[in-house]
Each structure stands twice: as structure tokens, then as C-alpha cells.
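# Breakdown of the fold
Here is how the chains run, residue by residue.
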Amino acid sequence: MKLLFAVLLALPVLITCQIADLHQYALDAFKLLDMNADGNIQRNEVDHYFVVYDTNHDGQISRHEYTVHVTEQYGHDPQLNHLLHSLYDGLDTNGDHHLTHVDYDNLYAKADSNSNGVVNQVEFTTFFEAAVHAATGR
């Protein structure tokens, strides 16, 4: 799910910026994820980003795949890695130590608070900010 991607991608940046920047970062992430710029994130838009992290194309994102991808982007930082792993574990909704389409489906359903099949900007920013606060304890 692109929501998952956004939260996973955003954490390294959010650790280095002020929490006051969180809402603006959520808005920017929404724009990135809304690939067709229609004001909503559809489930198929999220699937695009699943492939980015699933580097061995086995249908699941391992913690290792995610860590390698983020480390290549942001460098190695023990504090960052600890937070990334905490976030990853929280997003692993079924507790199988892999992020799968089932996890993406569960997270998408949580973000789609009005259950209309799409995630609008308000739903996304609310979900995004809550997920970051839960992962970082801020």
C-alpha cells in the first residue's frame, strides 16, 4: 500500500525534522502517492510502491529489503534503524515478520476511515500523522 510506503519512507526524514513539519510532510507525501492527481489514493496506486521495496519479487517486503532500501537512501544510523524496525513491526499487521499485500490491505482499510474505497487527503494525513506519532513516541 502506498500509505505504508509513505510512512516507511517518511520516517527517516521525520526523525531529522521538527515534529511541527509533520503535517506539511504528510501533505507532500499525499501528493506523491496520489499518482493520478485526482485527490484520492486508490489501492492500485499503492501497489506500485510495493514493488519498489519487494526487491526479490517474492510478494513480501522483508525487514532486510526495507532496511537496505532506506539505508541506501539515507545512510546508516543506529537510532534511525531502531525506529525503522519499530515502525516496520507496527505495520506488520498479521505479525508474520514480512509486509505483504494482506498488511497493505489492512492498513489501507484503516486509512480509509469512511470505507468508500479511496483515501482522501484528510484521511491520509490523519492516518499518516498517527502512525508516525505511534512509531516515534512523539
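Residues numbered from 1 in each chain as written. Predicted model: local features only at pLDDT ≥ 70, side-chain atom pairs only at ≥ 80, totals over all residues. Heavy atoms only, no water.

## Focus on unusual backbone geometry
At Ala 37, a position not held by glycine, the phi torsion is positive, near 55°. Counting through the fold element by element, Ala 37 comes out in the loop between α2 (22–33) and β1 (40–41). Even without a glycine there, the phi angle at Ser 115 is positive, about 55°. Note that Ser 115 resides in the loop between α6 (101–111) and β4 (119–120). (Helix = DSSP H or I, 4+ residues; strand = E, 2+ residues; numbered from the N terminus.)

## Description of the nonpolar core
Residues Ile 41, Ile 61, Tyr 66, Tyr 108, Val 119, Phe 124 and Phe 128 are the most contacted members of the largest nonpolar core, which totals 28 residues. Listing elements by their share of this core, those giving two or more residues are α2, α3 (43–53), α4 (63–74), α5 (78–91), α6 and α7 (121–136). With five residues, the top contributor of residues to this core is α2. (Core = buried A, V, L, I, M, F, W, Y, C linked by side-chain atoms within 4.5 Å. Buried < 20%, exposed > 50% of the residue type's maximum accessible area, 1.4 Å probe, protein only.)

## Observations regarding the pattern of salt bridges
Scanning the model with the defined rule gives three salt bridges in all. Where Asp 89 meets Arg 63, a salt bridge forms, and the shortest distance between an N and an O atom there is 2.1 Å. One end of the pair, Asp 89, is in helix α5; the other, Arg 63, is in helix α4, with 26 residues separating them in the sequence. Given a relative accessible area of 39%, Asp 89 falls into the partly exposed group. Overlapping salt bridges bring together Arg 43, Asp 47 and Asp 105 as one network. (Salt bridge = Lys/Arg side-chain N within 4 Å of Asp/Glu carboxyl O.)

## What to know about the side chain of Ser 62
Note on placement: Ser 62 falls in strand β2 (residues 60–62). Residue classification places Ser 62 among the buried positions, given a relative accessible area of 18%.

## Describing α2
Spanning twelve residues, α2 covers 16 Å between terminal C-alpha atoms, matching the ideal 16 Å at 1.5 Å per step. Along α2, the residues that are buried comprise Leu 22, Ala 26, Leu 27, Ala 29, Phe 30 and Leu 33. Viewed along the axis of α2, the buried residues span an arc of 165°, placing them on a single side of the element. (Expected span 1.5 Å × (residues − 1). Arc of directions from axis to C-beta.)

## Describing the packing of aromatic side chains
Scanning the entire structure with this criterion turns up four aromatic pairs. An aromatic cluster of at least three residues, connected via ring pairs, comprises Phe 30, Phe 124 and Phe 128. (Phe/Tyr/Trp six-rings, centres within 6.5 Å; stacked < 30°, edge-to-face > 60°.)

## Description of α3
Within α3, burial applies to Arg 43, Glu 45, Val 46, Tyr 49, Phe 50 and Tyr 53. Burial along α3 is one-sided: seen end-on, the buried residues are contained in an arc of 155°.

## Side note on the side chain of Asp 54
Mapped onto the elements of the fold, Asp 54 is located in the loop between α3 and β2. Arg 43 provides the closest opposite charge to the buried, salt-bridge-free Asp 54, at an N-O distance of 12 Å. Of note is the side chain of Asp 54, whose polar atom sits 3.2 Å from the backbone nitrogen of Asp 58. Beyond its immediate chain neighbours, meaning those up to four positions away, Asp 54 contacts Gly 59, Gln 60, Ile 61 and Glu 65. (Lys, Arg positive; Asp, Glu negative; His and termini not counted. Polar contact = N/O pair within 3.5 Å; in protein donor to acceptor, adjacent residues only side chain to side chain. Contact = heavy atoms within 4.5 Å.)

## As for the packing of α3 against α6
Where α3 meets α6, the closest approach of the two axes is 11 Å, and the angle between their N-to-C directions is 140°. Here α3 lies oblique to α6, going by the angle between them. Helix-helix and strand crossings are classified by hand; for α3 and α6 the assignment is right-handed. Of the residues in α6, those in contact with Arg 43, Val 46, Asp 47 and Phe 50 of α3 are His 101, Tyr 104, Asp 105 and Tyr 108. (Axes fitted to C-alpha atoms, helices over the stretch in contact; angles between N-to-C directions. Parallel < 35°, antiparallel > 145°, perpendicular 65-115°, else oblique. Left-handed = near helix turned anticlockwise from the far one by under 90°.)

Taken by themselves, the reported measurements are silent on function.
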